[in-house]
Amino acid sequence: MPLLAPCQDHELADLAALVNSAYRGELAEKGWTSESSLLGGQRTDEASLRADLAAHPGSTLLTLRDAEGDKPHACVWLQPSEGDAWYVGMVTVSPLRQAGGIGRALLEAAEAYARARGGKSMEMTVISVRDTLIAWYERRGYRLTGATEPFPYGDERFGVPQRDDLHFVILEKAL
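Residues numbered from 1 in each chain as written. Predicted model: local features only at pLDDT ≥ 70, side-chain atom pairs only at ≥ 80, totals over all residues. Heavy atoms only, no water.

**Here's the deal with the overall build of the protein chain**
(1) Moving on: A count of helical and extended segments in the protein chain gives five helices and nine strands.
(2) Moving on: The helix and strand sequence of the protein chain, counted from the amino end, reads β-α-α-β-α-β-β-β-α-β-α-β-β-β.
(3) Moving on: Scaling as 2.2 N^0.38, a compact globule of 175 residues should have a C-alpha radius of gyration of about 16 Å, and the protein chain matches this with 15 Å.
(4) Moving on: Viewed in the frame of its principal axes, the protein chain has a C-alpha envelope of about 40 × 35 × 30 Å.
(5) Moving on: Taken across its 175 residues, the protein chain has 45% of its residues classed as buried.
(6) Moving on: The long-range fraction of contacts in the protein chain, counting pairs at least 24 apart against all pairs at least 6 apart in sequence, stands at 64%.
(7) Moving on: Looking at the protein chain as shown, the accessible area adds up to about 8800 Å², and 51% of this sits on carbon and sulfur atoms.
(8) Moving on: Side-chain charges in the protein chain split into 18 positive and 25 negative, and the spacing between the mean points of these groups amounts to 6 Å. (Helix = DSSP H or I, 4+ residues; strand = E, 2+ residues; numbered from the N terminus. Rg over C-alpha atoms; globule rule 2.2 N^0.38 Å. Buried < 20%, exposed > 50% of the residue type's maximum accessible area, 1.4 Å probe, protein only. Contact = heavy atoms within 4.5 Å. Areas by Shrake-Rupley, 256 points an atom, 1.4 Å probe, with all protein chains shown as cover. Lys, Arg positive; Asp, Glu negative; His and termini not counted. Charge placed at Lys NZ, Arg CZ, Asp CG, Glu CD.)

Next comes the structure, spelled out in structure tokens:
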């Protein structure tokens, strides 16, 4: 039975490797979540994850593994936002295990986690040209708000853009 739990500090390097494998590079091409055509470089690293967790009290990375002692094969970032909203991001499933319902179950677990802590809505940002990913979230009840945010060009912590028309769209879902 899969185990879902908040990450432990000693797992951050493994989680950074997992996230990078799902979004960038050769292994990412085996799944459907690759951003390699849009962004080069890394998606995250251990230091960034540690800093983000420290900078955002109440945030967590939920991890999913097959059994105690196994490395996580999926994770999701959760962060309390304004009022009773929660931000969800970095929804990650190993490319070798995608398309089997794990992402859907992980997203539902993230929503339940936020709901149990008083969350009334979820919000997220997605790169605007990720049409397939946006459609996947819409099938899970998320709706485009019409609001956008600029892409952080020049900040290589988020990768090296391969095009100059990137920005984020904001999606939300009532819980």
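**Notes on helix 1 (residues 12-23)**
Along an α-helix, residues three or four apart share an orientation, since each turn contains 3.6 residues.
(1) Moving on: With 12 residues, helix 1 ought to run about 16 Å at 1.5 Å a step, and its terminal C-alpha atoms sit 17 Å apart, in line with that.
(2) Moving on: Taken as a whole, helix 1 has its buried residues at L12, L15, A16, L18, V19, N20, S21, A22 and Y23. (Expected span 1.5 Å × (residues − 1).)

**Some thoughts on the pattern of salt bridges**
(1) Moving on: Applying the stated criterion across every chain, the model contains nine salt bridges.
(2) Moving on: Put simply, R130 and E35 hold a salt bridge, and the shortest N to O gap is 3.3 Å. Of this pair, R130 sits in the loop between strand 6 (121-127) and helix 5 (131-139) while E35 sits in the loop between helix 2 (25-28) and strand 2 (39-40), and the two are 95 residues apart along the sequence. For the residue pair R130 and E35, the accessibility class agrees, reading buried in each case. (Salt bridge = Lys/Arg side-chain N within 4 Å of Asp/Glu carboxyl O.)

**So, the pairing of strand 3 (residues 60-65)**
(1) Moving on: Along strand 3, six of the six residues are buried, which leaves the element largely enclosed by surrounding structure.
(2) Moving on: Neither face of strand 3 is exposed, since T60, L62 and L64 on one face and L61, T63 and R65 on the opposite face are all buried.
(3) Moving on: Here four bridges tie strand 1 (residues 3-6) to strand 3, and the two strands are oriented antiparallel to one another. Each bridged residue has a counterpart across the sheet, and for A5 the counterpart in strand 3 is T63.
(4) Moving on: Here strand 3 runs beside strand 4 (residues 74-80); their pairing, made up of five bridges, is antiparallel. Paired with L61 across the strands is W77, a residue of strand 4. (Pairing = 2+ DSSP bridges.)

**Considerations on unusual backbone geometry**
(1) Moving on: We note that M90 has phi near 50°; this positive angle belongs to a residue other than glycine.
(2) Moving on: Mapped onto the elements of the fold, M90 is located in strand 5 (residues 85-93).
(3) Moving on: When its relative accessible area of 12% is taken as the criterion, M90 is described as buried.
(4) Moving on: Even without glycine at this site, A99 takes up a positive phi of about 70°.

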